[in-house]
Amino acid sequence: MSDRGNFASKIGIILATAGSAVGLGNIWRFPVETGSHGGAAFILIYLACVCILGIPMMTAEFILGRRTHSNIATAYQQLAPRQPWYLTGYAGMLCVTLILSYYSVVAGWTLKYAMSALLTEMSSVTDTEAYFNDFSSSVWAPIAYTVSFLLITHVIIERGIERGIERFSKIMMPLLLLIMVVLVVGALSMPGAKEGLTFLLRPDFSKLSPDVILSALGQAFFSLSLAIGCLSTYASYFKNDVNLSRTALSVVSLDTLVAIMSGFIIFPAVFSVAGVAPDAGPGLVFITLPNIFSTVFASMPMLGYIFSLMFYVLLVLAALTSTISMHEEVTAFIHERYQLSRRRSAGIMTSVCIILGILCCLSYSSLRDFKPFFGMGFFDAFNYLTAKFIMPLSGIVLCLFVGWRMGRRNVREELSNHGALHIPDWMCGTFIFFLRWIAPLSIALIFINELGLF
Ligand code: PHE
């Protein structure tokens, strides 16, 4: 354990872990989900999901990682030797590899947009839709940006936990929060911002349906990076005096704050120009918003330049702090299991993701008509398989494992840092009850619903 490295400070832990959670899921997906599912009514349900499911499950992942101080596969094996629980660890690693591959494509697009904002290329674009379509359907440019993003991730990972992940998170996360505050203030002072805000915050309970509740659960899951081992890998680098439940609470709060703040940026901005709720999908960030920047700032080009640059840098930072957490999970496994150097282990993961990432890029260009996976290309198939199958199933197993297999005594020891913290009986009991029953049953519900079985 001594040569594994550790996070050196508590603030580093919170920023790195919140970095994993805060990503494109918060800044892009959350506002869209909120807009299409009843505004504040969705936010209330989302908050309930995050509290009921997010905090206990994140704490459970922390328990698994910190208890074993091991990568995800070894963690399951160590606690339940010669039992098949460890297969969930492998499923989690497969899942992050696939997510990292397609996520890097979108992250590459954000890098391209940040570059074109920086080089003022964006301000001269008149047809933002054609601009995006031309770029994403070309062969080489998206590949170059995807590979660059993976290489940046690689460089940070190669430097290790304290000098790589922790140090960069301590720079990137405060910068991200600062940019968000500036953008919120900017968006709220746009003409017509109030309508956007009213739309976002007006609870429309008539839109509530089981489907909305399940969408909120799914969003919470992805946004918090739950269940597939990223968080337990980070927790394996926590020192033994870290208060796990309090850390989970801080990370979940930060993640939710960022999600709500991005609603405060995107809604006022889109409303002030288009007068309607934003549409879903890549269009929002790569077509609608550039249009808005150029319309609103036509008479103030300097301000437009600064705001668009800040927005795309924000997306790059958010994506990067998430991609490093995915990369670390598999790098840690290869490094520990096969006794390879960190550099080589990271190199293997990066190479695999580059190959898969290129296939995902090509799904938008040369391989557009190649749809061998039930009518889906690589990009959509990776997204579908991970979000609809592996994440929920691993989530159920994680809860059952910590709730039933690890048992009350182990869980209590980890939660209380071996007795150093006072954890009341009712708290521990409620936590175990959530893990044994509430969380697995609610996830099973999302799973069945997503499959369209009811
Ligand atoms: N939570 C990240 C986001 O919101 C995505 C992610 C999922 C990161 C799974 C790690 C693991 O974008």
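Right above here is the structure, for reference.
Residues numbered from 1 in each chain as written. Predicted model: local features only at pLDDT ≥ 70, side-chain atom pairs only at ≥ 80, totals over all residues. Heavy atoms only, no water.

**Q** Would you mind going over the overall build of the protein with me for this structure?
**A** If you tally the helices and strands in the protein, you get 18 helices and zero strands. Along the first, second and third principal axes, the C-alpha set of the protein runs to 65 × 50 × 45 Å. Counting every position in the protein, which comprises 454 residues, the buried fraction comes to 58%. Expressed as a percentage of contacts within the protein between residues at least 6 apart in sequence, the contacts between residues at least 24 apart total 81%. Of the roughly 17,900 Å² of accessible surface on the protein, a fraction of 67% belongs to carbon and sulfur atoms. (Helix = DSSP H or I, 4+ residues; strand = E, 2+ residues; numbered from the N terminus. Buried < 20%, exposed > 50% of the residue type's maximum accessible area, 1.4 Å probe, protein only. Contact = heavy atoms within 4.5 Å. Areas by Shrake-Rupley, 256 points an atom, 1.4 Å probe, with all protein chains shown as cover.)

**Q** Is there a simple way to think about a nonpolar patch on the surface in this case?
**A** A contiguous nonpolar surface patch, about 590 Å² in accessible area, is contributed by I52, W404, F433, W437, I438 and L441. The greatest single-element share of the nonpolar patch, amounting to four residues, is contributed by helix α18 (residues 425–450). Locating W437 in the fold gives a position in helix α18. (Patch = residues over 30% accessible without salt bridge, like charges linked within 9 Å, V, L, I, M, F, W, Y side chains within 5 Å. Salt bridge = Lys/Arg side-chain N within 4 Å of Asp/Glu carboxyl O.)

**Q** Before we go on, may I ask you to explain the packing of aromatic side chains in this structure?
**A** A ring pair, where both rings are aromatic, is described by two values, the distance of the centres and the angle of the planes. Within this structure, the stated rule accounts for 33 aromatic pairs. On the numbers, 5.8 Å between centres and 75 degrees between planes, the contact of Y113 with Y131 is edge-to-face. One end of the pair, Y113, is in helix α5 (residues 87–118); the other, Y131, is in helix α6 (residues 128–136), with 18 residues separating them in the sequence. Considering the side-chain rings of F135 and Y145, the 6.0 Å spacing of their centres and the 75 degrees angle between planes classify their relative orientation as edge-to-face. Pair noted here: F135 is in helix α6 and Y145 is in helix α7 (residues 140–158), with a separation of ten residues, a long-range link. Classification of F135 by relative accessible area gives buried; the value is 6%. Three or more aromatic residues joined by ring pairs form one cluster here, namely W28, Y102, W109, Y113, Y131, F132, F286, F293, F311, Y312, Y364 and F379. Here the guanidinium or amino end of R436 rests over the ring plane of W404, the centre of that ring lying 4.2 Å away. (Phe/Tyr/Trp six-rings, centres within 6.5 Å; stacked < 30°, edge-to-face > 60°. Lys NZ or Arg CZ within 6 Å of the ring centre and 35° of its normal.)

**Q** What is the right way to look at the site of the ligand in this model?
**A** By nearness alone, 15 residues border the ligand, and A21, G25, Y103, F222 and S223 come closest of all. Between the ligand and S20, the relevant distance is 3.4 Å, taken from a nitrogen atom to a main-chain nitrogen or oxygen of the residue. Between a nitrogen atom of the ligand and a side-chain N or O atom of S225, the distance comes to 3.1 Å. If you list the elements that add at least two residues to the shell around the ligand, you get α1 (10–21), α2 (24–36), α10 (210–223) and α14 (301–337). In terms of residues, the shell around the ligand owes the most to one element, α2, which gives three residues. Class assignment for the residues of the shell around the ligand results in eight nonpolar, seven polar and no charged. (Near = heavy atom within 4 Å. Polar contact = N/O pair within 3.5 Å; in protein donor to acceptor, adjacent residues only side chain to side chain. Nonpolar A, V, L, I, M, F, W, Y, C, P; charged D, E, K, R; others polar.)

**Q** Can you walk me through helix α17 (residues 407–415) in this structure?
**A** For α17, every residue scored as buried is listed here: G407, N410, V411, E414 and L415. The buried residues of α17 occupy an angular sector of 130 degrees when projected down its axis, which confines them to one face. At its buried positions, α17 is contacted by α3 (40–68), α12 (244–274), α16 (378–405) and α18. N417 sits one or two positions beyond α17 and adopts a positive phi of about 50 degrees. (Arc of directions from axis to C-beta.)

**Q** Help me understand the side chain of S262, please; the structure alone is not making it clear to me.
**A** For S262, the location among the structural elements is in helix α12. Contact partners of S262, with chain neighbours within four places excluded, come to N26, I27, P31 and M180.

**Q** Explain the pattern of salt bridges to me, please; I cannot follow it from the model alone.
**A** If charged atoms from side chains of opposite charge come close, those side chains can pair. Summed over all chains, the structure comprises twelve salt bridges. The partner of K112 in a salt bridge is E121, and the shortest N-O contact between them spans 3.6 Å. According to the relative accessible area criterion, E121 is partly exposed, its value standing at 35%. As a salt-bridge pair, E166 and K170 come within 3.8 Å of each other at their nearest N and O atoms. Of this pair, E166 and K170 both sit in helix α8 (residues 161–188), four residues apart, which is roughly one turn of that helix. Note on E166: relative accessible area 2%, which makes it buried. Salt bridges sharing partners connect three or more residues here, namely R66, R67, R409, E413 and E414.

**Q** Would you mind showing me how to read unusual backbone geometry here?
**A** Negative phi characterises most residues that are not glycine, and trans characterises most peptide bonds. At R82, a residue that is not glycine, the phi angle is positive and equals roughly 55 degrees. Mapped onto the elements, R82 comes out in the loop between α4 (72–79) and α5. A relative accessible area of 82% means that R82 is categorised as exposed. Even without glycine at this site, A227 takes up a positive phi of about 80 degrees. Taking relative accessible area as the criterion, A227 reaches 6% and is therefore assigned buried.

**Q** Help me out: how do you make sense of the packing of α4 against α14 in this one?
**A** The angle between the axes and the distance between the axes are what describe a pair of packed helices. Remark: α4 packs on α14, axes separated minimally by 8 Å, with the N-to-C direction vectors making an angle of 60 degrees. Between α4, through I72, A73, T74 and Q77, and α14, the contact on the second element is made entirely by E329, F333 and R337. Counted by class, the contact of α4 with α14 contains three nonpolar, two polar and two charged residues. (Axes fitted to C-alpha atoms, helices over the stretch in contact; angles between N-to-C directions.)

**Q** Please clarify how the nonpolar core should be interpreted in this entry.
**A** Across soluble globular proteins, nonpolar side chains show a tendency to be buried alongside one another. Within the largest apolar cluster, 154 residues are counted, with the highest numbers of intra-cluster contacts made by F7, M57, M58, F311, Y312 and V402. Of the residues forming this core, the biggest block, 18 residues, is contributed by α14. Leaving out residues up to four positions away in the same chain, Y312 has contacts with T110, Y113, A114, M122, V285, L289, P290 and F293. (Core = buried A, V, L, I, M, F, W, Y, C linked by side-chain atoms within 4.5 Å.)

**Q** What's the story with the environment of E61 in this structure? I'm lost.
**A** Mapped onto the elements, E61 comes out in helix α3. A relative accessible area of 1% means that E61 is categorised as buried. Linking E61 and F132, residues 71 residues apart in sequence, is a C-alpha distance of 38 Å. Discounting chain neighbours no more than four positions away, the residues touching E61 are S225, L226, A227, I228, G229, C230, L231, S232, A235 and L398. Of the polar contacts made by the side chain of E61, one reaches the backbone nitrogen of A227; its length is 2.6 Å. Polar contacts involving the side chain of E61 include one to the main-chain amide nitrogen of S232, which spans 3.1 Å.

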